[in-house]
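The lines below spell out each chain.
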Amino acid sequence: MNAVASPMDLVRPQSAAHSLLVLFVLATLAFAPSLYGLVGDWLASPEYGHGILVSGIAGYLLWCRRDMVECAAEKPFAPAVVLVALALACYGFAMLGDITVLKHYAYVATLASIALTVGGWPVLRVVGFPLVLVFFSIPLHPFFTNHLTSDLQLVSSTIGVWFIHLMGIPALQEGNVINMGDFSLLVEEACSGLRYLLPLASISLLIGYYYRGRLITRILLFLSAIPITVFMNSLRIAVTGFLIKYVGKESADGFLHDFEGWFVFVVSCVLLGLALVVLAKVNRRALTLQDNFKFPAVAGEYSHAGSPVRARIHGVVAALLILGGSAISYLWLNKETVIPTRETFDKFPLTLAGRDLYPDVLDSHVLNILKLDDYFIGDYLATDKLPVNLYMAYYEAQQDGSLIHSPSDCIPAGGWEITDSRIIDLTDLGFRGRGNRAVIEKGDNRLLVYYWVNEQARNYATEFEVYNSLVLRSITHGRTDATLVRVYVPLREGVDSEGQLKEFVAALAERSTPFLPQ
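Computed from a predicted structure; not experimentally measured.

### A short note on the overall build of the protein
At step 1: Of regular secondary structure, the protein possesses 18 helices and 12 strands.
At step 2: Going through the 518 residues of the protein one by one, you find that 47% of them count as buried.
At step 3: Sequence-distant contacts, at least 24 apart, represent 71% of the contacts inside the protein between residues at least 6 apart.

### Side note on the side chain of Glu47
At step 1: Mapped onto the secondary structure, Glu47 falls in the loop between helix H3 (32–44) and helix H4 (51–64).
At step 2: The exposure class of Glu47 is buried, given its relative accessible area of 17%.
At step 3: Here Glu47 is in contact with Leu194, Arg195, Leu198 and Pro199, once residues within four sequence places are set aside.

### Quick notes on the pattern of salt bridges
At step 1: Applying the stated criterion across every chain yields a total of 11 salt bridges.
At step 2: Arg446 serves as the salt-bridge partner of Glu441, at 3.0 Å between the closest nitrogen and oxygen.
At step 3: When its relative accessible area of 37% is taken as the criterion, Arg446 is described as partly exposed.
At step 4: Through salt bridges with shared partners, a single ionic network connects Glu455, Arg473, Arg479 and Asp481.

### Overview of the packing of helix H9 (residues 194–210) against helix H10 (residues 215–223)
Two quantities define a packed helix pair, namely the angle between the helix axes and the distance between the axes.
At step 1: At a minimum axis separation of 7 Å, H9 and H10 run at an interaxial angle of 165°. Between H9 and H10, the angle is such that the two are roughly antiparallel. As H9 runs across H10, the sense of the crossing is right-handed. Across the interface between the two elements, Ala201, Ser204, Leu205, Ile207, Gly208 and Tyr209 from H9 touch Arg218, Leu221 and Phe222 from H10.
At step 2: A breakdown of the residues in the contact of H9 with H10 according to their chemical character gives six nonpolar, two polar and one charged.

### Let's talk about the sheet that holds strand S1 (residues 172–174)
At step 1: Spatially, three strands are ordered S1-S2-S3 in an open sheet, and the strand pairing comes out antiparallel. Of all strands in the sheet, those bounded by a partner on one side alone are S1 and strand S3 (184–186). Across the sheet, the mean angle separating the axes of adjacent strands is 20° when strand polarity is ignored.
At step 2: Of the strand pairs in this sheet, strand S2 (residues 177–179) and S3 are connected by three bridges, and their pairing is antiparallel. Bridge pairing links Asn179 to Ser184 in S3.

### Observations concerning helix H17 (residues 463–476)
At step 1: The end-to-end C-alpha distance of H17 is 20 Å, a good match for the 20 Å that 14 residues give at a rise of 1.5 Å each.
At step 2: Residues of H17 that are buried include every one of Val466, Tyr467, Ser469, Leu470, Val471, Arg473 and Ser474, and no others.
At step 3: As for H17, its buried residues are in contact with helix H6 (80–97), strand S10 (445–455) and strand S11 (458–460).
At step 4: Within two residues after H17, Gly478 carries a phi angle of roughly 70°, on the positive side.

### Some words on the side chain of Thr217
At step 1: Here Thr217 lies in helix H10.
At step 2: Classification of Thr217 as buried rests on a relative accessible area of 16%.

### Here's the deal with the packing of aromatic side chains
At step 1: Considering all chains together, one arrives at 18 aromatic pairs under this definition.
At step 2: Note on Phe345 and Phe348: the rings are 6.4 Å apart at their centroids and 75° apart in plane angle, and the pair reads as edge-to-face. Phe348 matches Phe345 in its accessibility class, with the two residues each being buried.
At step 3: Site record: aromatic cluster; members linked through ring pairs are Phe345, Phe348, Phe376, Tyr380, Phe504 and Phe515.
At step 4: Here the guanidinium or amino end of Arg342 rests over the ring plane of Phe345, the centre of that ring lying 4.7 Å away.

Scoring rules and cut-offs
Residues numbered from 1 in each chain as written. Predicted model: local features only at pLDDT ≥ 70, side-chain atom pairs only at ≥ 80, totals over all residues. Heavy atoms only, no water. Helix = DSSP H or I, 4+ residues; strand = E, 2+ residues; numbered from the N terminus. Buried < 20%, exposed > 50% of the residue type's maximum accessible area, 1.4 Å probe, protein only. Contact = heavy atoms within 4.5 Å. Salt bridge = Lys/Arg side-chain N within 4 Å of Asp/Glu carboxyl O. Axes fitted to C-alpha atoms, helices over the stretch in contact; angles between N-to-C directions. Parallel < 35°, antiparallel > 145°, perpendicular 65-115°, else oblique. Left-handed = near helix turned anticlockwise from the far one by under 90°. Nonpolar A, V, L, I, M, F, W, Y, C, P; charged D, E, K, R; others polar. Pairing = 2+ DSSP bridges. Expected span 1.5 Å × (residues − 1). Phe/Tyr/Trp six-rings, centres within 6.5 Å; stacked < 30°, edge-to-face > 60°. Lys NZ or Arg CZ within 6 Å of the ring centre and 35° of its normal.

Written out as structure tokens, the structure is:
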């Protein structure tokens, strides 16, 4: 008579590889709420759509290395159970504080800790690279994405203008705007090159890891994604300007524009391949995979045949994942997001500090980028005073896709140069906390700018302060609302511009309370 396997046989550890598989599955189930959001980000974001492919490659590599895990496994490393618990604690903190990127990094850290627990450092080395690939598939925090996008926009615009000049076409750059005479070309966030850089970096990471060569050469192969991306994106900007000028504005939109994007990425991959060909020629190698790449070692390379599985330690890890994941999911599902009551900006005073309001509006394209919930923008004018521009952007519930955009990123993008910047105390002006003071210039125009972020009647100057406050308030009060406040005045000789700006800010403090949630 044949013995019938019980359901417990499926989870009872039979080998190191089997234990690793079971615990990885339990970890994935424990992190299911955040991983569901991660897959949604991959599907919705053009910058991170490659994450599905990269994570699939990581899973395939893990499966291919199952025999290596078995042979590499030493006795379980019990202290690593503490690391599993710490990773779960980080996950719980991230779920309650709504720190999306930390949720995903905690997942990778949990998998690494599980591998270390099951078979010590040898097993962690075996599964390390696939976990690094998973790490690379995780979207960057918006703080880094915004700064990287802004920098890539400016660099690509500058080099793009250089290419346009090589084509014999006059062009003038003002930040991300390229003036080409009868039309202007705006290098938007989507044209920064980030959509090429991230997937190309993943490809170059795979190539660099398996490339047969010195470590410095492999590192340079990985880093080559950056200059290739910047070069090709700048060339695309120049070609787009050329086509608009001689073909028509329709070349900047629709199928032709999208085709340019795909073509640029394909050419970028070709350039990466050419770099490999050049290296093969320099090293006098044949153009074959076996001569240029070193693929994973076979399991027989390991001198021992693994160690007995300790079910008790693995049971502790399994219990941590089941109980910890369940507790975190319960707390997350029962967490409430508080939306405070406030007056909307359409009721904001029409007169302030002796000036009358001349309202303005933001176009739909800008609103789609900012993803704000309410805003105010306009000039306050008076015949005997300097004009003051006031802008306030309110976010009722900040998520990773709708975080406040700092003026320190937007100012250079508009062609303005920040010539002086420092943090000031706003207490004397009627606001609690600190703000930023900046002098910006473009041509002959000079402006004095104050800006800060208001969160629950407290004001912050730096992005680090803002984000720390956001996380703390999300956990303790269930609130993530915030308002960016920016005011500026022209700097003119013989006029106390800063005195007038301070007078306006003081009047703003007295009238803004109903509009800025306390």
